[in-house]
Amino acid sequence: MPRVPDVHAVFSFPRTVDERAARTVAAVVALTAAVALLTGWHWLLAPLAYGFWARVLTGPTLSPLGRLASTVIAPRLGTPRPVAGPPKRFAQAIGAAVTTIGLIGWWLGAGSVADVALAAMVLAATLESAFALCLGCRAFAGLMRLGLVPEDVCDECGDLWARPGMSRSTS
């Protein structure tokens, strides 16, 4: 009899994420969104949205791109660079919302909504992949600073503003 996977194990997000894997995923998202934007292939919002939702709900478990990035590509890119998982999950949730809105807009005939969503994905994913600048992580840090996200949500974050590229004045 096949073993039934533990639901909590499947629907969880890692407490830490390898930044190399996150940047790899972002590079593919940026490229896919750019292709969709340049060609008008708005249907590519469907796999983009699926990928974001899969990563929000299960980390890399149900995301083919997440699994490829974390188990194949990132290990070949040198020393692991662990970063806190909750801000990355928050960023994935923003991506899920934006691509879902774009997909719904496209389904309803509002191609401009889809184009705006794709342009946002190109911008945000390019910043993450090329410069390790995660806009969702910055927003998460700001929400923590405002007290809207409790500190115990991200024990691994420690002092987010002590990390390179983060400061109280820029978040």
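Cut-offs applied
- Residues numbered from 1 in each chain as written.
- Predicted model: local features only at pLDDT ≥ 70, side-chain atom pairs only at ≥ 80, totals over all residues.
- Heavy atoms only, no water.
- Helix = DSSP H or I, 4+ residues; strand = E, 2+ residues; numbered from the N terminus.
- Buried < 20%, exposed > 50% of the residue type's maximum accessible area, 1.4 Å probe, protein only.
- Patch = residues over 30% accessible without salt bridge, like charges linked within 9 Å, V, L, I, M, F, W, Y side chains within 5 Å.
- Areas by Shrake-Rupley, 256 points an atom, 1.4 Å probe, with all protein chains shown as cover.
- Salt bridge = Lys/Arg side-chain N within 4 Å of Asp/Glu carboxyl O.
- Phe/Tyr/Trp six-rings, centres within 6.5 Å; stacked < 30°, edge-to-face > 60°.
- Lys NZ or Arg CZ within 6 Å of the ring centre and 35° of its normal.
- Axes fitted to C-alpha atoms, helices over the stretch in contact; angles between N-to-C directions.
- Left-handed = near helix turned anticlockwise from the far one by under 90°.
- Contact = heavy atoms within 4.5 Å.
- Nonpolar A, V, L, I, M, F, W, Y, C, P; charged D, E, K, R; others polar.

Trainee: Could you give an account of unusual backbone geometry, naming the residues involved and the relevant values?
Mentor: Excluding glycine, residues mostly have negative phi values, and the peptide bonds linking residues are mostly trans. Of note in this structure, Ala 132 is not a glycine but carries a positive phi near 55°. Structurally, Ala 132 is set in the loop between helix H6 (111-131) and helix H7 (135-145). Given a relative accessible area of 32%, Ala 132 falls into the partly exposed group.

Trainee: Tell me what's going on with a nonpolar patch on the surface, and back it up with residues and numbers.
Mentor: On the surface, Leu 31, Val 35, Trp 41, Trp 43, Ile 104, Trp 106, Trp 107 and Leu 108 cluster together into a nonpolar patch covering about 900 Å² of accessible area. Looking at the nonpolar patch, the elements that each hand over two or more residues are helix H2 (19-39) and helix H5 (85-107). The greatest single-element share of the nonpolar patch, amounting to three residues, is contributed by H5. Relative to the elements of secondary structure, Val 35 occurs in helix H2.

Trainee: Kindly report on the packing of aromatic side chains, identifying the contributing residues and their values.
Mentor: In total, this model carries two aromatic pairs according to the counting rule given. Geometry around Phe 52 places Arg 55 over its ring, the cationic atom sitting 5.0 Å from the centre.

Trainee: Could you give me a rundown of the packing of H2 against H6, with the residues and numbers involved?
Mentor: Two elements in contact, H2 and H6, have axes whose closest approach is 7 Å; the angle formed by their N-to-C orientations is 150°. For the element pair H2 and H6, the recorded crossing hand is left-handed. Of H6, the residues touching H2 (which contributes Ala 22, Arg 23, Ala 26, Ala 27, Val 29, Ala 30, Ala 33, Ala 34, Ala 36 and Leu 37) are Asp 115, Leu 118, Ala 119, Met 121, Val 122, Ala 125, Thr 126, Glu 128, Ser 129, Ala 130 and Phe 131. Residues belonging to the contact of H2 with H6 are distributed by class as follows: 16 nonpolar, two polar and three charged.

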